[in-house]
Amino acid sequence: MAANSRQEKIPWVSTHHTTALAGSLVILATAGGKRYLIALRPGQTFHTNLGHFRHDDLIGLPLGTTVYSQLGHPVLLMEPSLSDLINRIKRNTQIIYPKDAAYLVHRMSLRNGDQVIEAGTGSGGLTIALAWAVAPAGRVYTYEVRADNYQVAHANLERVGLLDNVSMYQQSVEEGFRQQGADAVFLDVREPGQYLPQVRAALRPGGFFAALIPTVNQVIDLLTALEASSFADIAVEELLLRQYKVVPERLRPDDSMVGHTGFLVSARPVIDATDPGRWLSEERKRFKTRKAFEAIVEAEEEKRRAEQGDEAVRRRMPLP
Ligand SMILES: C[S@@+](CC[C@H](N)C(=O)[O-])C[C@H]1O[C@@H](n2cnc3c(N)ncnc32)[C@H](O)[C@@H]1O
């Protein structure tokens with residue numbers, strides 16, 4: 001019953017349609033590669049430099065139809081993909097790219113009905129992907145410290161029709177999360193390692209933790225904090241996505257690509273009080289063992305040098 005009433009509130013995102021519905025979002029794609037995302041409202045007109053399109057002329061048309069501006073320029077009327085929604089939101093911050101958002105959904109094993117916590121909201125780019133994954137029965141609880149970013153994300157989520165599946169808080173992670181027993185917690189803040197106690201308090205046993213961070217230094221800090229806070233199954237990953245020039249006779253990659261977006265770090269909390277070193281990766285254990293061995297050898301060397309020094313001093317001493 002609850003799920004049905006929620007579905008009624010988000011008709012266009014919960015079901016695929018074959019025609020352009022009033023109130024839904026559509027993409028108008030030009031042959032030149034531009035993509036416009038518009039909400040179809042009876043009586044309104046959408047203006048572009050190719051001319052304008054009356055919404056009433058588009059409503060009810062089959063998706064996949066070529067439509068023409070009053071100047072005769074063609075555009076293709078399509079259902080937006082999730083990438084279209086994320087790429088076309090208003091940006092107040094850097095947003096998480098669809099390639100990373102898609103993999104994070106997979107990494108955190110999100111599905112319809114999950115309860116997922118996120119901070120910071122930023123422009124709401126990832127929030128859209130999270131809400132899409134857990135809707136209609138699930139919920140995203142998203143925390144943002146800055147009022148301006150909160151407002152932009154709120155408007156973005158409202159526009160794409162996913163606000164009903166999101167609870168937004170203008171609040172710092174530092175204060176902790178208001179939820180407990182979450183299926184997953186995701187952090188996109190500068191120093192995620194500082195907030196692991198808050199993450200632990202909010203996650204259900206067996207829950208998923210993930211973070212996205214842009215620099216190697218931040219990854220090292222987070223790894224150190226995860227080890228110290230008894231997180232296990234730790235992974236550090238990076239995704240590179242290469243687009244191709246779509247010419248069957250001469251198929252080859254685009255000349256340029258997005259070189260770096262961020263590192264994805266994921267981990268699972270250990271809830272019993274076991275030896276925290278037990279769940280380190282094999283490489284990490286080997287490294288720690290080698291370092292411990294080197295420290296012992298170095299201490300022995302130091303002791304031997306000191307003893308040899310004492311002996312040399314003693315031999316040079318004048319006889320009484
Ligand atoms: C890179 S943006 C997040 C972008 C977002 N993932 C998206 O796809 O649109 C980082 C956000 O975290 C917010 N932030 C930083 N520290 C925070 C904290 N302690 N609590 C809550 N939000 C925080 C910043 O204000 C900023 O909006």
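Residues numbered from 1 in each chain as written. Predicted model: local features only at pLDDT ≥ 70, side-chain atom pairs only at ≥ 80, totals over all residues.

Novice: Tell me what's going on with the overall build of the chain, and back it up with residues and numbers.
Specialist: Of the regular secondary structure elements, the chain holds 10 helices and 15 strands. Scaling as 2.2 N^0.38, a compact globule of 320 residues should have a C-alpha radius of gyration of about 20 Å, whereas the chain reaches 27 Å, well beyond that. For the C-alpha atoms alone, the extent of the chain along its principal axes is close to 115 × 55 × 35 Å. The burial tally for the chain puts 32% of its 320 residues in the buried class. Here the analysis covers contacts within the chain between residues at least 6 apart in sequence; of these, 63% occur between residues at least 24 apart. (Helix = DSSP H or I, 4+ residues; strand = E, 2+ residues; numbered from the N terminus. Rg over C-alpha atoms; globule rule 2.2 N^0.38 Å. Buried ≥ 20, exposed ≤ 12 C-beta atoms within 10 Å, placed from the backbone. Contact = placed C-beta atoms within 7 Å.)

Novice: Which residues make up the sheet that holds strand E7 (residues 115–119), and what values go with them?
Specialist: The mixed open sheet is built from seven strands, whose spatial order is E9-E8-E7-E10-E11-E15-E12. At either margin of the open sheet sits one strand with a lone partner, and together these are strand E9 (166–170) and strand E12 (231–237). Each strand axis lies, on average, 15° off the axis of its neighbour in the sheet, ignoring direction. Bridge count for strand E8 (residues 139–144) against E9 is five bridges, and the pairing is parallel. (Pairing = 2+ DSSP bridges. Axes fitted to C-alpha atoms, helices over the stretch in contact; angles between N-to-C directions.)

Novice: Residues and numbers for the sheet that holds strand E5 (residues 66–68), please.
Specialist: One open sheet accounts for four strands, arranged E2-E1-E6-E5; its pairing is antiparallel. Of all strands in the sheet, those with a lone pairing partner are strand E2 (35–39) and E5, marking the two edges. Across the sheet, the axes of successive neighbouring strands diverge by a mean angle of 35°, strand direction being ignored. Here strand E1 (residues 25–30) pairs with strand E6 (residues 74–78) via four bridges, running antiparallel. Bridging from a neighbouring strand, Ala 29 pairs with Leu 76 of E6.

Novice: Could you give an account of helix H6 (residues 125–134), with specific residues and numbers?
Specialist: Counting along an α-helix, one turn takes 3.6 residues, and residues three or four places apart therefore face a common direction. The buried fraction of H6 is high, at 10 of 10 residues. Taken as a whole, H6 has its buried residues at Gly 125, Leu 126, Thr 127, Ile 128, Ala 129, Leu 130, Ala 131, Trp 132, Ala 133 and Val 134. Structurally, H6 contributes buried residues whose contacts are with helix H4 (82–87), helix H5 (98–107), E7, E8, helix H7 (147–160) and E9.

Novice: Explain the nonpolar core residue by residue, including any values.
Specialist: With 68 residues, the main nonpolar core has Val 116 and Val 185 as its most contacted residues. Both domains that furnish three or more residues to this core are identified here as domain 1 (7–80) and domain 2 (84–279). Beyond its immediate chain neighbours, meaning those up to four positions away, Val 116 contacts Met 108, Leu 110, Leu 130, Val 134, Val 140, Ala 182, Asp 183, Ala 184 and Phe 186. (Core = buried A, V, L, I, M, F, W, Y, C linked by C-beta atoms within 7 Å. Domains from an automatic or database assignment.)

Novice: Tell me about unusual backbone geometry, and please be specific about residues and values.
Specialist: Note the cis peptide between Ala 119 and Gly 120, where omega equals -15°. The backbone of Ser 109 shows a phi angle near 55°, a positive value even though the residue is not glycine. Unusually for a residue other than glycine, Asp 233 sits at a positive phi of about 55°. Topologically, Asp 233 is positioned in strand E12. By the C-beta count within 10 Å, which is 13 here, Asp 233 ends up partly exposed.

Novice: Account for the domain arrangement of the chain, with residues named and values stated.
Specialist: Quite often, the size of an interface is put as the accessible area lost when its parts meet. By domain assignment, the chain separates into domain 1 (7–80) and domain 2 (84–279). Taking only C-alpha atoms into account, the centre of domain 1 sits 31 Å from that of domain 2.

Novice: Before we move on, can you summarise the site of the ligand with the specific residues and values?
Specialist: The full set close to the ligand counts 21 residues, and Ile 95, Ile 96, Gly 120, Gly 122 and Gly 125 are the nearest of them. Taken together, the elements giving at least two residues each to the shell around the ligand come down to H6 and E8. The residue inventory of the shell around the ligand, partitioned by class, reads eight nonpolar, nine polar and four charged. (Near = placed C-beta within 6 Å. Nonpolar A, V, L, I, M, F, W, Y, C, P; charged D, E, K, R; others polar.)

Novice: Break down helix H9 (residues 216–228) for me, with residues and values.
Specialist: Helix length check: H9, at 13 residues, gives a terminal C-alpha distance of 18 Å against a target of 18 Å (1.5 Å per residue), a fit within 8%. The set of residues buried in H9 consists of Val 219, Leu 222 and Leu 226. Angular distribution of buried residues about the axis of H9 spans 65°; they occupy a single face of the element. Along H9, exposed side chains directed more than 90 degrees from the buried face belong to Asn 217, Ile 220, Thr 224 and Ala 228. Positive backbone phi, approximately 60°, marks Ser 230, located one or two places after H9. (Expected span 1.5 Å × (residues − 1). Arc of directions from axis to C-beta.)

Novice: Give me the environment of Pro 62: which residues, what numbers.
Specialist: Inspection of the secondary structure puts Pro 62 in the loop between helix H3 (55–58) and E5. When the C-alpha atoms of Pro 62 and Met 78 are compared, they prove to be 8.7 Å apart, with 16 residues separating the residues in sequence. Non-local contacts of Pro 62, meaning those with residues more than four positions away in its chain, are made with Thr 18 and Thr 19.

Novice: Before we move on, could you go through the environment of Arg 111 and cite the residues and values that matter?
Specialist: With respect to the element layout, Arg 111 can be found in the loop between H5 and E7. Using a count of 12 C-beta atoms within 10 Å as the deciding quantity, one classes Arg 111 as exposed. Separated by 26 residues in the primary sequence, Arg 111 and Ala 137 have C-alpha atoms spaced 9.4 Å apart.

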